[in-house]
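A closer look at the structure
So the chains spell out like this:
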Amino acid sequence: MKKESNLTLGISEPDKVDDFLNYLDYPLLDVVKYIRAFILSIDKNIGEGIYWNVPTFYFTGKLEPFNPKEYKRYIVGFNFYKKDCIRLIFLKGAIANDSTKILEGDYKEGRRIVHIFSLEDFKQKEKAIKKITKEIISFIKK
């Protein structure tokens, strides 16, 4: 029998994220840490772990059993490919009503991206990111 992952079970893994960030050599690391704290503060059912080799946030509340390939719990993950900006990948971003138009891309599986260039840039987008995150959580709970 295959062992379920902490993600599938909805168990947060902050120690793994701490370890990852302690060794991350990235120009916008202070902004990453700020964003991490902000996202975790949005809802008590947001957990975190390392998936796709980056910190990723997911819903930790109760869900019916599901296939992990459906990515039902995922909310948003970091992408550190570019050094001049942080990319936040909202895996279900297409379901959000983004009146501010900060979500970019039109990927067929529903992903959308927000680019963050500095702490000031993120602070300007905080309200919209909080709204998008809450909408995604509401969708996941259904």
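Residues numbered from 1 in each chain as written. Predicted model: local features only at pLDDT ≥ 70, side-chain atom pairs only at ≥ 80, totals over all residues. Heavy atoms only, no water.

Focus: the packing of helix α3 (residues 29-42) against helix α4 (residues 119-141)
Note the cut-off: Every axis corresponds to a line fitted to the C-alpha atoms, with the helix fit spanning only the stretch in contact, and the corresponding angles, defined between N-to-C directions, vary from 0 to 180 degrees. Here a strand is any run of E in DSSP of at least two residues, a helix any run of H or I of at least four, and the numbering for each starts at the N terminus. Throughout, the term roughly parallel applies to angles under 35 degrees, roughly antiparallel to angles over 145, roughly perpendicular to angles from 65 to 115, and oblique to all others. Handedness of a helix crossing follows the sense of rotation of the near helix relative to the far helix, less than a right angle counterclockwise being left-handed and clockwise being right-handed. Contact definition: two residues touch when any of their heavy atoms are within 4.5 Å. Each residue gets one label: Ala, Val, Leu, Ile, Met, Phe, Trp, Tyr, Cys and Pro are nonpolar, Asp, Glu, Lys and Arg are charged, and the others, such as Gly, are polar.
One can describe the packing of α3 onto α4 by two numbers: an axis separation of 11 Å at closest approach and a directional angle of 25°. As the angle between them shows, α3 and α4 are arranged roughly parallel. Two packed elements cross with a definite hand, and for α3 against α4 that hand is right-handed. Note on element contacts: α4 touches α3 through Leu119, Phe122, Lys123, Glu126, Ile129, Lys130, Thr133 and Lys134, opposite Val31, Tyr34, Ile35, Phe38 and Ile42. The residue inventory of the contact of α3 with α4, partitioned by class, reads 8 nonpolar, 1 polar and 4 charged.

Examining the environment of Val76
Here is the rule we go by: Partly exposed residues are those whose accessible area sits between 20% and 50% of the maximum for their type, while under 20% is buried and over 50% is exposed, using a 1.4 Å probe and protein chains only.
Tracing the backbone shows Val76 in strand β3 (residues 74-79). Take Val76: its relative accessible area is 0%, and that puts it in the buried class.

As for the packing of aromatic side chains
Test applied: In this analysis, rings of Phe, Tyr and Trp, with Trp reduced to its six-membered ring, are considered paired at centre separations within 6.5 Å, and the interplanar angle assigns stacked below 30 degrees, edge-to-face beyond 60, and tilted for intermediate values.
What the rule picks out here adds up to 9 aromatic pairs. Centroid distance Trp52 to Tyr74: 4.6 Å. Interplanar angle 40°. Geometry classified as tilted. With Trp52 in the loop between β1 (46-51) and β2 (54-59) and Tyr74 in strand β3, this residue pair connects regions lying 22 residues apart in the sequence. Its relative accessible area of 5% is what places Tyr74 among the buried residues.

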